[in-house]
Amino acid sequence: MLIFFARKQISFGGAPKIMPLVNRARPSEKTDPNFLKNVFLFRDLPAVDLKTLTQAVKLVSFPKDTPIFYEGEHGEVMYIIKSGLVKIHRTAGDGRSKTLALLRQGDIFGEMSLLTDRGRTASAATVTACDLLLMDKGVLSALLKKKPDISFKIMQTLCERLAHADRQIKALALGNSRARIADMILFLADEFGQKDVIQIHLIHQDIADLAGVSRETVTKLFGEFQDEGAIKFSSKEIRILSREKLRKWTL
Ligand code: CMP
């Protein structure tokens, strides 16, 4: 039986360097030992390794709409979402923001700067209240060395993110506002929807930041899409009534 790291083998490099934003979140005392088993990255690890890993991560809670870290900061930890919704975004000098991704329970983020030793490639903030597990860089390195399968899974995750980024580039470069919003609704339904009902709590500004259009455009086009029988929306959900219509409006 392979234990991929023993406590004394984990080099935390002295006191863990955790940035002030993380310090502001309250460390929670208990981490559910079964949770990591359901995370894509770790689901094939044997129980004994999961137990060791569970002891090596920290649980922190963030309220909603709270920055977790900012683009360019030095990265020391990778995050695993235990509950809640996180947005990954980049902001221009004039304050305009583009949401690159929405991540949810079981997703990881903050791995790129640990793997490349460059600063954070984007900022992360909570959309809803979140419980996040923090994995130190030393723990991740030890894991990757001992478990090639985890490296492969990280590569799969990065490939999926690249495919999504390509889809966004196409919509931004070639699509008009109608195409971008129709594409975004279909994407949200595929990622977060259940039977074509999207129930994640997003305000029009969130949709605008995801689709790369203004909030006013989202409000106007949501109204048009509803009038044309493609969607029905309320403050709680977006319901797709006709995928065909939405698909026709995308590129
Ligand atoms: P890191 O660069 O450490 O900090 C920002 C994190 O956001 C990055 O790691 C990834 O985990 C995540 N990230 C960056 N770009 C994207 C993207 N296009 N889609 C999903 N996640 C991303």
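Quick look at the structure, then. A quick note: this is a predicted structure, and the numbers were derived from the prediction, not measured. (Residues numbered from 1 in each chain as written. Predicted model: local features only at pLDDT ≥ 70, side-chain atom pairs only at ≥ 80, totals over all residues. Heavy atoms only, no water.)

**Topic: the overall build of the protein chain**
(1) Moving on: Scanning the protein chain for helices and strands turns up nine helices and 12 strands.
(2) Moving on: Classification of the 251 residues of the protein chain by burial places 47% in the buried group.
(3) Moving on: In the protein chain, of all internal contacts separated by at least 6 residues, the share reaching a separation of at least 24 is 72%. (Helix = DSSP H or I, 4+ residues; strand = E, 2+ residues; numbered from the N terminus. Buried < 20%, exposed > 50% of the residue type's maximum accessible area, 1.4 Å probe, protein only. Contact = heavy atoms within 4.5 Å.)

**A word on the side chain of Thr 126**
(1) Moving on: Tracing the backbone shows Thr 126 in strand β8 (residues 123-126).
(2) Moving on: At 3.0 Å, the side chain of Thr 126 forms a polar contact with the backbone nitrogen of Asp 65.
(3) Moving on: Among the polar contacts made by the side chain of Thr 126, one reaches the main-chain amide nitrogen of Thr 66 at a distance of 2.8 Å.
(4) Moving on: Apart from residues lying up to four places away in sequence, Thr 126 is in contact with Phe 62, Pro 63, Lys 64, Asp 65, Thr 66, Ile 68, Leu 85 and Val 86. (Polar contact = N/O pair within 3.5 Å; in protein donor to acceptor, adjacent residues only side chain to side chain.)

**Regarding the nonpolar core**
(1) Moving on: Counting 30 residues, the largest nonpolar core has Ile 181, Ile 185, Leu 188, Leu 202, Phe 225 and Leu 246 as its most contacted members.
(2) Moving on: With nine residues, helix α6 (residues 177-192) is the largest single contributor of residues to this core.
(3) Moving on: Counting 23 residues, the second largest nonpolar core, distinct from the first, contains Leu 45, Met 78, Leu 140 and Leu 144. (Core = buried A, V, L, I, M, F, W, Y, C linked by side-chain atoms within 4.5 Å.)

**Section: the packing of aromatic side chains**
(1) Moving on: A complete count under the given rule lists five aromatic pairs for this structure.
(2) Moving on: On the basis of an interplanar angle of 40° and a centroid distance of 6.0 Å, the ring pair of Phe 69 and Phe 109 is categorised as tilted. On the criterion of sequence distance, the pair formed by Phe 69 in strand β3 (residues 67-69) and Phe 109 in strand β7 (residues 108-109) is long-range, its members being 40 residues apart.
(3) Moving on: With relative accessibility at 3%, the residue Phe 69 sits in the buried group.
(4) Moving on: For Phe 109, a relative accessible area of 2% corresponds to the buried category.
(5) Moving on: An aromatic cluster of three or more residues is present, and its members are Phe 69, Tyr 79 and Phe 109.
(6) Moving on: The positively charged end of Lys 82 is found above the aromatic ring belonging to Phe 35, 5.8 Å away from the centroid.
(7) Moving on: Across from the ring centre of Phe 69, 4.1 Å away, lies the NZ or CZ of Arg 120, which sits over that ring. (Phe/Tyr/Trp six-rings, centres within 6.5 Å; stacked < 30°, edge-to-face > 60°. Lys NZ or Arg CZ within 6 Å of the ring centre and 35° of its normal.)

**Some words on a nonpolar patch on the surface**
(1) Moving on: Among the surface-exposed residues, Met 112, Leu 115 and Leu 158 lie close enough to one another that they form a single nonpolar patch of about 230 Å² accessible area.
(2) Moving on: Here Leu 115 lies in helix α3 (residues 112-116). (Patch = residues over 30% accessible without salt bridge, like charges linked within 9 Å, V, L, I, M, F, W, Y side chains within 5 Å. Areas by Shrake-Rupley, 256 points an atom, 1.4 Å probe, with all protein chains shown as cover. Salt bridge = Lys/Arg side-chain N within 4 Å of Asp/Glu carboxyl O.)

**What to know about the site of the ligand**
(1) Moving on: Around the ligand sit 13 residues in total, of which Gly 110, Glu 111, Ser 113, Arg 120 and Thr 121 are the nearest.
(2) Moving on: Residue Glu 111 places a side-chain N or O atom 2.7 Å away from an oxygen atom belonging to the ligand.
(3) Moving on: Contact with the protein chains removes 93% of the 460 Å² of surface that the ligand exposes when unbound.
(4) Moving on: If you list the elements that add at least two residues to the shell around the ligand, you get β6 (97-103) and α3.
(5) Moving on: Here the shell around the ligand is composed, by residue class, of seven nonpolar, three polar and three charged. (Near = heavy atom within 4 Å. Nonpolar A, V, L, I, M, F, W, Y, C, P; charged D, E, K, R; others polar.)

**Describing the sheet that holds strand β11 (residues 231-233)**
(1) Moving on: Sheet architecture is open: three strands sit in the order β10-β12-β11, paired in antiparallel fashion. The outermost strands of the open sheet, each flanked by one partner alone, are β10 (197-198) and β11.
(2) Moving on: Both β10 and strand β12 (residues 238-240) contribute to a ladder of two bridges, which runs antiparallel. Counted as the bridge partner of Val 197 is Arg 239 from β12.
(3) Moving on: Here α6 sits on the sheet and contacts β10, β11 and β12; the angle it forms with β12, its principal contact strand, is near 95°. (Pairing = 2+ DSSP bridges. Axes fitted to C-alpha atoms, helices over the stretch in contact; angles between N-to-C directions.)

**Here's the deal with helix α4 (residues 137-146)**
(1) Moving on: For α4, every residue scored as buried is listed here: Gly 138, Val 139, Leu 140, Ala 142, Leu 143 and Leu 144.
(2) Moving on: Those residues of α4 that are buried lie in contact with α2 (47-56), β4 (77-83), α3, β9 (130-136) and α5 (148-174).
(3) Moving on: Backbone nitrogen of Gly 138 and a side-chain oxygen of the N-cap are separated by 2.8 Å at the start of α4; the cap is Asp 136.

Read these as geometric descriptors, not functional statements.
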